Structure formats: C-alpha cells, structure tokens
Amino acid sequence: MRLYCLSGDLAKPCYIITFKGLRIMLDCGLTEQTVLNFLPLPFVQSQKWSSLPNFIPGRDHDPQLDGELKECCGRVFVDSTPEFNLPMDKMLDFSEVDVILISNYLNMLALPYITENTGFKGKVYATEPTLQIGRFFLEELVDYIEVSPKACTARLWKEKLHLLPSPLCEAFRAKKWRTIFSLKDVQGSLLKVTIMGYDEKLDILGAFIATPVSSGYCLGSSNWVLSTAHEKICYVSGSSTLTTHPRPINQSALKHADVLIMTGLTQAPTVNPDTKLGELCMNVALTIRNNGSALIPCYPSGVVYDLFECLTQNLENAGLNNVPMFFISPVADSSLAYSNILAEWLSSAKQNKVYLPDDPFPHAFYLRNNKLKHYNHVFSEGFSKDFRQPCVVFCGHPSLRFGDAVHFIEMWGNNPNNSIIFTEPDFPYLQVLAPFQPLAMKAFYCPIDTSLNYQQANKLIKELKPNVLVIPEAYTKPHPSAPNLFIEQPDKKIITFKCGEILRLPLKRKLDRIYLTYELSQKIFPREVAAGVTFSTLTGVLQVKDKVHCIQPCAEIKEEPSSSSAGTAAAPTKEDVLQKVKYEYGSIDVEAVMKRLTQDGFTNIKLDRTDGSLSIQLVNEDTIIKFEDNETHIICGGRPTTRLKLRDTIMKCLQSF
C-alpha cells in the first residue's frame, strides 16, 4: 500500500492511496492562497488600481513584462485574473484515479480540475450536503471572477521569478497555477458525484467497503473507513469534537484501525473558537455604537450560520436590535434555504427543533422578520433601496481579491468608524489587506476554526488506538506560534510525509476472503484425519472478477466426437485431471507394505531395523525403501519403472480423500 501526497496545504489536502490495485484519491482540496499575489478585481475599475506603476526588475528587464506586474503599497502584485494552485498532476495521472472520496465541501474545490478534460473515468463519492454546499462554493467562485473579467492573462512573469521580490520569487509551482474553471466544468464534475449517507456501506469495485461516518466539523462532513475482511484503514480529515450545528463525530467507527491517516487540524491552534466568537460580537457592537458599519468576509456556508445566530442575539442584548444585517452572495438564497432542510445531518438539538416543528437555524426567522436580508450582489435589484447604515455585511470572498467584499473595502476603507472582521483562518489577514493600504477602517482578526486542535487530536488518537498513525510531518514539529503544540504519541508507530512524497505504508495483504458457490458447497464431505481435525478436498475453478474471489465447480463439458476424430481418445481437460487427484494422509504400516509388495510380485524381501531406523530391502531389484517420521525414500538402482511401481504400492497403504 502506497500513499501519494499531492498537496502541501494541510487544510486543503489531496492524497492518493494505492490499495488492491486501485488508486483512491482522498479529498481534492484547492490551494487558494495563491490569489493573494494578484490585484483585487473590483466591479468598477477605480482610479487607484488603474494608475498603479509598473514594476520593473533591476536587471535583465524584458519589455514584454511591462503591465503584468504592478507596485502597490510597497509590494508587487500580478495584474491579471487570479490563479489557483492545483494538486500535483505529475506524480500520478488523474485519468488513472479509480475513486475519489470527499470528506467535506471545503475539500472538493479542485474537483473540476481533476475530473474534467483529464480523461477521468472513475467514481466520486460524497454525502448530500457535501455535494450541494460544495456546489454553492464552486458556483460562487466562478461567478465572482467572471463578473469582473480581466482583458488578458499575465504569463511571462512566471519565467522571471528569480528577478522578482518576495513573496512572488517564492511562489511554489507557479507555472502550474491555473485560472478558474468554467461553470460547465463545475456542472460536469458534480454529475460524477454519487451521494452516500452516514454509515452507509458501499462496495468499491470488490476491493473494500467504504463507509462515511460523521466527523462533526460541518454539515455533511465525514471521515472515511475503508475495510476488508482483514484490514481497516481510516481517513480522518476536518473533524471536530466541539458541540456545534453538525452531527457529532462518530469515534467508535474509527477505533483499532490498521492505518489511521489524519490531517485537516485547526489552522488557529492557539485560540479558542468560543472566545473569538465573543470578541467578534463585541467588536461589531462597538463599531455600531461608533456609528460605523462592520464588514465580515465569509464563505456562503458553514460558520456563517453560527455567526447569524450569535451576533443577532448579542446585538439584541446590547439594545442594537434594529441594526440591519445583509448577506450578499450569488448563492445566498440557495444556501440559506438549503440549510433548513438538512435535519438528518444536524446535531440532536437542531433536529429536535425540526420535530416541534421549528426552523433548525434562526436565520429563517430573521429573514421573515427582515432582520437579515440577502442579495446576489451589491448591484442586485432592491439592494440600494434597502441598504442603510450602520449595518453588518456578510459577503465574500475572504481573500478580498474578488467578490462584493472588494466593493465595501473601497467604500468604507477611509472611515475609521468602520471595521472589517476576519473569521476565516484560510488567509493571513495582513496579506489580505496589503493592496488596500493605507486603510483607516479598523481590522480585527477573530479566526473561528472548530476543527481539531493539537490537544484534541492527541486525545483522540489515544482513544482510537490505531496500529499505525500517518500524519503530515508539520504536525510533529512545534507550531511556530506555540512551541508546545504538536502531535506526540510515543506509544504509537508514526509515519510522516511531506508534499510530493510517496510512502510505502506497512499494510501487507496476508489473507483474503474467498466465496464458494452453493453447488460446490454441497460437494464438501469432511473426513476426520485426527482427533478434532477434519479435512475435505475442494476441486473447482477460482474466478476473480471485480476484485471478488469465487470458487466455482469445474464445468462438465461433454462433446460428441466428430467423424474425423472417431476412435481417437480426447485429451483430458485440466478439470478432469483435478477431479481425479487424491490426497494421502496418515502413517505407514510397514507390515502392510511388505504384504502389499508380496501381492504385487516382489520376492526376497528383507526387513532391517538398525539404530532406530526402519528399512525394507528388495534384494532382487537392488532397491532399499527407507522409512522416516515424515518421509519415505525409495533408493532404486534398477529401472525407473520399478521405482514408480514401488511408489504406487506404498501409496495404496495410506488413507486418502
């Protein structure tokens, strides 16, 4: 069993394991941090962006490079459509992937790059919320970039990385970066996804049983259990032991695995999500009291549901219940509506509200009472009429390189009463704000990441008790912001890996399950060969189809002899020979052997007992038969036919089946 690491982004993993001749991809996360190297895409080109000076390298200047790079706020940015870093495609061709298992909607954004225009013919499996919410993420991403198109795409700068300042000179695999896929690619990739439910067992090409179990991280998020009759592999990605709106993590299904692959730990290990949620509510309230508005860049699903609930309650407690909240996203309507019909994927507290009946999420109530309003874009019909300040705006994209958030930064950035609050840990907020500097509005970093932290991961591993733990190498090293935080399991065998590595995992297939047909099972007649030990012969044809081993009866083929072959005996088939095979067992009775030899015409037979050994001497044939505990030797100086005749005589003295 081998593991290929195709991504260096620990939060957006992509791995491939080879098992029983299959290539199984675990997640297909998309590294979006690369977009921070590009200038923002405003809806309307402003004077600021259009008047930026070109960056000119100090040496080896190429005039063709002019216009591709711009200097802004002490940094150099690419003036082009944002590009993304894909999982490595040279380690293993995507067309050779048999199965893709997706753990959550955040880890499927590279799916169109993998399944479309690559020759991919495999299967993709995910839960229903993962598929539907993943669709929202993909459609929003395409809409944000296509609504603000660039006239041309910059490419030459990738050939001059050695001339560029940091961080562009450190860009990883820049030549492999790709612009966003099309909406047609999104739809094509999602059509390949097969929906599964929690704890549903699915036979994957006969090689193993795949089972998604709840990971507790987000709606529909799952850990995967790959099991055979003799092996168990668990893939833990993006899990949480905290009590939030998704169904709690299922730990029992992950216990005692032969191999446990763990990734997707928190990106903010030094902070408590509840504490940061409280800070966010406090900062929003202070902003509103100062007659300012708050901008919260967010994704179209996930933590934003909890923010609606918590923030509304806090504003009401602070006497600010008349402050409007706006949720702006191309998929806002679908996301809000879909979240309220997912009862089976929610925590028990949320499920109980459904049976009252009541809305599992309070934002449905806020929508009905106009406390929360949603729009596709700032230029959507009705937004200008309903918009008033101070207010709270939730919109994308968290990178601030595209989407409606760019518009609000330009509109509110010069007012110190306003604030921007970052809750998504995917992007370093100082780099996010870099092209907008100098910025008068206040910036707060309140990362809310409910995935496992290092202490929770260490505790979970001890409870799961895997034979082998496989984790990224970075998890075994002290975290830069907290030297005492790392994965440490001294009683476990730990295997680490880095991006681009291929590991051989210590999982050797020793046994496999074989099935018998009903007809063949009826021909089994056990015979006792020792006390409590029974044997039976089994003659059949082993058939392997879709990785399933099955023994079937030998076909009884009877053909009428043709005129040309009349009188000529047909050669026996392989099955005929197998059916006539006998298996001998037991110990040899020397007296019975001598009697049988006499009956077969042998004369002048002598029995010799010397030093505890026993032998029979056939004087006329110049032959000696030696008997040992587990062997019988025929030492024959005469004709070969004599040895074969003696062999058959001895075999007749043994029991057989």
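Quick note: structure is the one above.
Below is a summary of the structure that appears in this document. Model, not experiment: these values are computed from the prediction. (Residues numbered from 1 in each chain as written. Predicted model: local features only at pLDDT ≥ 70, side-chain atom pairs only at ≥ 80, totals over all residues. Heavy atoms only, no water.)

Moving on to the environment of I471. Inspection of the secondary structure assignment puts I471 in strand β22 (residues 468-472). By relative accessible area, I471 is classed as buried at 0%. Along the backbone, I471 and Q552 are 81 residues apart, and their C-alpha atoms lie at a distance of 43 Å. Once you skip the residues sitting within four places of it in the chain, I471 turns out to touch M262, T476, I487, I494, I495, T496 and F497. (Helix = DSSP H or I, 4+ residues; strand = E, 2+ residues; numbered from the N terminus. Buried < 20%, exposed > 50% of the residue type's maximum accessible area, 1.4 Å probe, protein only. Contact = heavy atoms within 4.5 Å.)

Once that is clear, we can look at helix α6 (residues 303-317). Between its first and last C-alpha, α6 extends 21 Å over 15 residues, near the 21 Å set by a 1.5 Å rise per residue. Among all positions in α6, only V303, V304, Y305, L307, F308, E309, C310, L311, T312 and L315 are buried. Positive backbone phi, approximately 75 degrees, marks G319, located one or two places after α6. (Expected span 1.5 Å × (residues − 1).)

What follows concerns the pairing of strand β16 (residues 294-297). Side-chain alternation along β16 places A294 and I296 on one buried face and L295 and P297 on a second face that is also buried. Where β16 meets strand β19 (residues 392-395), four bridges bridge the pair, whose relative direction is parallel. Following the sheet pairing, I296 is matched in β19 by F394. Pairing of β16 with strand β20 (residues 419-422) involves two bridges; the strand directions are parallel. When the sheet's bridge partners are listed, A294 is paired in β20 with S419. (Pairing = 2+ DSSP bridges.)

Right, let's get into the pattern of salt bridges. Per the counting criterion, the structure on display carries eleven salt bridges. A salt bridge links K150 to D79, with the shortest nitrogen-to-oxygen separation between them at 2.5 Å. In this pair, K150 sits in the loop between α3 (128-146) and β9 (178-179) while D79 sits in the loop between β5 (75-78) and β6 (83-84), placing the two residues 71 residues apart along the sequence. (Salt bridge = Lys/Arg side-chain N within 4 Å of Asp/Glu carboxyl O.)

This part covers a nonpolar patch on the surface. Where nonpolar side chains cluster on the molecular surface, the patch consists of I514, L542 and V544 and spans about 270 Å² of accessible area. Structurally, I514 can be placed in strand β25 (residues 514-516). (Patch = residues over 30% accessible without salt bridge, like charges linked within 9 Å, V, L, I, M, F, W, Y side chains within 5 Å. Areas by Shrake-Rupley, 256 points an atom, 1.4 Å probe, with all protein chains shown as cover.)

What follows concerns the environment of T649. Of note, T649 is situated in helix α17 (residues 640-652). Residue T649 is classed as buried on the basis of its relative accessible area of 1%. A polar contact of 3.0 Å, which involves the side chain of T649, links it to the backbone oxygen of K645. (Polar contact = N/O pair within 3.5 Å; in protein donor to acceptor, adjacent residues only side chain to side chain.)

This part covers the packing of aromatic side chains. In this structure the tally under the stated criterion is 29 aromatic pairs. Judged by centre distance (6.3 Å) and plane angle (90 degrees), the rings of Y15 and Y235 are edge-to-face. Here the residue Y15 occupies a position in strand β2 (residues 15-19), and Y235 occupies one in strand β14 (residues 232-237), the gap between them amounting to 220 residues. Here the two residues Y15 and Y235 agree in accessibility, since each one is buried. Where Y429 meets Y445, the ring centres are 4.9 Å apart and the plane angle is 10 degrees; that geometry is what we call stacked. (Phe/Tyr/Trp six-rings, centres within 6.5 Å; stacked < 30°, edge-to-face > 60°.)

Ranked by size, the top nonpolar core spans 115 residues in total, and within it M25, I100, V284, L311, F394 and F408 carry the most contacts. Looking at which element gives the most residues to this core, the answer is α3, with nine residues. Taken domain by domain, the makeup of this core includes at least three residues from each of domain 1 (1-26 + 85-147 + 180-266 + 449-502) and domain 2 (271-443). Not counting chain neighbours up to four residues away, the residues in contact with M25 comprise L6, C14, Y15, I16, F94, V97, V99, I100, L101 and I114. I24, I261, V468 and L505 belong to the second largest nonpolar core, which has 31 residues in total. (Core = buried A, V, L, I, M, F, W, Y, C linked by side-chain atoms within 4.5 Å. Domains from an automatic or database assignment.)

The strand order across the open sheet built from three strands is β25-β29-β28, with neighbouring strands paired in mixed fashion. Single-partner strands in this sheet number two, and they are β25 and β28 (541-545). When the angles between neighbouring strand axes are averaged without regard to direction, this sheet yields 30 degrees. Bridge analysis of β28 against strand β29 (residues 548-552) gives five bridges, and the strand direction is antiparallel. Note that in β29 the partner of L542 across the bridge is I551. (Axes fitted to C-alpha atoms, helices over the stretch in contact; angles between N-to-C directions.)

Right, let's talk about the side chain of D9 for a bit. Considering the arrangement of structural elements, one finds D9 in the loop between β1 (2-5) and β2. Buried charged residue D9 carries no salt bridge. Nearest counter-charge: K12, at 5.5 Å. Within polar-contact distance, the side chain of D9 engages the backbone nitrogen of A11 at 3.1 Å. Apart from residues lying up to four places away in sequence, D9 is in contact with T31 and Q33. (Lys, Arg positive; Asp, Glu negative; His and termini not counted.)

This part covers helix α7 (residues 332-339). Every buried residue of α7 is listed here: A332, S335, L336, Y338 and S339. Among the structural elements, α3, α6, β17 (325-328), α9 (363-368) and β18 (372-375) are those in contact with the buried residues of α7.

At a minimum axis separation of 9 Å, helix α16 (residues 590-599) and α17 run at an interaxial angle of 130 degrees. Judged by the angle between their axes, α16 and α17 are oblique. As for how α16 packs across α17, the hand of that crossing is right-handed. Residues V593, R596 and L597 of α16 lie in contact with α17, whose contacting residues are L646, T649, I650 and K652. A per-class count over the contact of α16 with α17 returns four nonpolar, one polar and two charged. (Parallel < 35°, antiparallel > 145°, perpendicular 65-115°, else oblique. Left-handed = near helix turned anticlockwise from the far one by under 90°. Nonpolar A, V, L, I, M, F, W, Y, C, P; charged D, E, K, R; others polar.)

Summarising the sheet, strand β4 (residues 69-72) and β5 pair through four bridges and their orientation is antiparallel. The residue of β5 that forms the bridge with E71 is V76. Where β4 hands over to β5, the hairpin turn is made up of two residues, of which C73 adopts a positive phi near 55 degrees.

A separate point is the packing of α3 against helix α4 (residues 183-190). In a packed pair of helices, the relevant descriptors are the angle between the two axes and the axis-to-axis distance. Direction vectors running N to C along α3 and α4 enclose 165 degrees, while the axes themselves pass 10 Å from each other. Between α3 and α4, the crossing angle belongs to the class labelled roughly antiparallel. Two packed elements cross with a definite hand, and for α3 against α4 that hand is right-handed. Contacts between α3 and α4 involve L131, R135, L138, E139 and V142 from the first element and L183, V186 and L190 from the second. Split by residue class, the contact of α3 with α4 holds six nonpolar, no polar and two charged.

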